[in-house]
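Observations on the three-dimensional arrangement
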Amino acid sequence: MLVKKDPSFLLSYLEDSSNLKGGYTDRVVIPENVRELASVLKEANSGKIPVTISGAGTGQAGGRIPFGGIVLSLEKLNAMGEIKKLEKGGSVRAEAGVIIKDLKESCERKGLFYTYDPTEQAAFLGGTIATNAQGARAFRYGPTRRCVKALTVVLASGEILKLERGAVKAKGRVIDFESGNKCYKIELPAYKMPGTKNSAGYYVEDNMDLIDLFIGQEGTLGVIAEAELELPDKPKGIFACFAFFEKDNDAWNFAACAGRAGPLSVEYFDANCLRLLQHKYGNVPLVARAAIFFEDEITLSEDSVLKKWDALLSRHDVSQDNTWVATSENMCRQFLEKRRYIPEEMNDMARRTGFPKVSTDLAVPRKNLSDMLKCYSDGLGRSGLRHFVFGHIGDAHLHVNMLPSGKNDYNRAKSLQLDFVKKSVSLGGTVSAEHGIGKTKKEFLKLLYGEEGVKEMKKVKLALDPNFILGIGNLFD
Ligand SMILES: Cc1cc2nc3c(=O)[nH]c(=O)nc-3n(C[C@H](O)[C@H](O)[C@H](O)COP(=O)(O)OP(=O)(O)OC[C@H]3O[C@@H](n4cnc5c(N)ncnc54)[C@H](O)[C@@H]3O)c2cc1C
């Protein structure tokens, strides 16, 4: 086990992609196996020392930034286990510190398709499970939760739980289970989760599986040490396309029709994002004011997929001059790099201006998307703030990024962000669809589930972490 105290080493553990400042710790502890991990927790628990769990630090909500206590980094628990290919699909076991990009590539070499990756490929598997991450392909395959078959979780007490999906289920909203010599009884919150993509607060539903409580818990209920994932087959090929439009409305109409044609992903970019793409890569059609990026699986032949999309694009009057099309693996990879460039550049721009970007991660029921889009364009239009809108339009889930250039701008952006969050809740949406609540969106969680819902979440935490040592400041105070 490594224990690092050198202040220059500790610095990189005091940040993530949220730009939250002021974090501090005097120690980063890096266990090299689950036994060591359990003993760190046992000791911290008996001394009531707060423990902040660290993955790769790509999180957008400050969840891994410590405010006191120790940091527990999973970086050395990075062994990849066996990848089993079955006649249909297969499975993989991996420790929490495995980098998503490596996991994805290893699975693909064995003919399996890991589609649960967030856009940021440097994330750790444990971090993506702790935030229930979901990237563009969640449109077809759903969130990380969907592929988790088993988990090894270490509780604050140091107790090691081996959880298999299907083994322990709640009765209504109560979960009873035994582990070691201990009996646990957890009363689950009564709130109803929004029926959209959602990574806000604890996952709860009637008769739920215990394993689901630990997915999306943002380091507050236990440390995810290892996981077994169930994966589909890698398709024969992928078709990817950027379709450019002169008007936002045309792009949104196309996205709705494209979504019904069963693609892997349907993503939107506004005119400001296209300017960034043009600056970096060139070749963006001059008339373009919006773009839809989508991918489809080639299951039968390349020709049949091309025909299907060509017909849809023609019906929407999108000429070949206004599309970029990729069918080879290499070109698809380049398209994904372009897709990734936008959020990465957004974070870099915020770093360069020195003011945190103010962003949203809201999803609403699809039938309410047009109301939400109108709210965004009215608010952003009035504000005069520099902004970029992009993301998972197929799931009615867009990211609005506002880049303030001074204190006044920042305050205006925060107030607009709150308006957007309230609108999303009023439309039956969520306050965080994929990034989680962390330390930066706690107030939003109350808007979604009320004070009572947050109190009920604290009771769940108390049942599993009675000394309140894990992930302090995440989700609630
Ligand atoms: C450019 C960019 C694009 C992104 N795009 C997406 C996207 O498309 N979709 C998406 O969902 N996210 C996206 N993200 C956010 C981020 O990549 C995800 O939230 C990711 O899941 C975080 O993983 P991590 O290993 O970096 O976790 P960290 O940032 O280290 O931690 C995140 C949270 O999980 C907890 N945690 C970490 N590891 C464990 C563990 N083993 N056990 C228990 N708790 C743990 C931490 O305490 C913290 O609360 C993006 C980020 C960037 C910078």
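What you are looking at is a predicted structure, and each value in this text was computed from that prediction instead of being measured. (Residues numbered from 1 in each chain as written. Predicted model: local features only at pLDDT ≥ 70, side-chain atom pairs only at ≥ 80, totals over all residues. Heavy atoms only, no water.)

A separate point is the overall build of the protein. Per the secondary structure count, the protein includes 13 helices and 19 strands. Here the C-alpha radius of gyration of the protein, 22 Å, is about what a compact globule of 477 residues would show, namely 23 Å. Seen through its C-alpha atoms, the protein measures out along the principal axes to roughly 65 × 60 × 45 Å. Looking at the protein residue by residue over its 477 residues, the buried ones come to 58%. For the protein, the share of sequence-separated contacts (at least 6 apart) that also reach a separation of at least 24 residues comes to 72%. One finds the centroid of the 66 positive side-chain charges in the protein at a distance of 2 Å from the centroid of its 61 negative side-chain charges. (Helix = DSSP H or I, 4+ residues; strand = E, 2+ residues; numbered from the N terminus. Rg over C-alpha atoms; globule rule 2.2 N^0.38 Å. Buried < 20%, exposed > 50% of the residue type's maximum accessible area, 1.4 Å probe, protein only. Contact = heavy atoms within 4.5 Å. Lys, Arg positive; Asp, Glu negative; His and termini not counted. Charge placed at Lys NZ, Arg CZ, Asp CG, Glu CD.)

Two modes of strand pairing occur in sheets, parallel and antiparallel, and in both the strands are linked by backbone hydrogen bonds. Taken together, the five strands give an open sheet; going across it, the order is β5-β6-β11-β7-β8, and neighbouring strands pair in antiparallel fashion. Taken across any chain shown, the strands that pair with only one partner, and hence form the sheet edges, are β5 (80–85) and β8 (160–164). Averaged over all neighbouring strand pairs, the angle between strand axes comes to 10 degrees, with direction disregarded. Note that strand β7 (residues 148–154) and strand β11 (residues 223–231) share six bridges and pair antiparallel. In the strand pairing of β11, Val154 is matched with Val223. Against the sheet, helix α3 (residues 100–109) contacts β5, β6 (90–95) and β11, and its axis sits at roughly 35 degrees relative to β5. (Pairing = 2+ DSSP bridges. Axes fitted to C-alpha atoms, helices over the stretch in contact; angles between N-to-C directions.)

Here we take up the site of the ligand. Taken together, 38 residues form the shell around the ligand, and within it Ile53, Gly55, Thr58, Gly59 and Thr119 come nearest. The separation between an oxygen atom of the ligand and a polar side-chain atom of Thr131 is 2.9 Å. The fraction of the free accessible surface of the ligand (980 Å²) that becomes covered by protein chains is 98%. Only β3 (51–54), α4 (125–130), β11 and α10 (329–353) provide two or more residues apiece to the shell around the ligand. Top element by residues in the shell around the ligand is α4. It accounts for four residues. Both domains that meet at the shell around the ligand, namely domain 1 (2–73) and domain 2 (80–233), each give it at least three residues. (Near = heavy atom within 4 Å. Polar contact = N/O pair within 3.5 Å; in protein donor to acceptor, adjacent residues only side chain to side chain. Areas by Shrake-Rupley, 256 points an atom, 1.4 Å probe, with all protein chains shown as cover. Domains from an automatic or database assignment.)

To continue, consider the domain arrangement of the protein. What the domain assignment reports for the protein is domain 1 (2–73), domain 2 (80–233) and domain 3 (235–340). Here the C-alpha centre of domain 3 lies 41 Å away from the C-alpha centre of domain 1.

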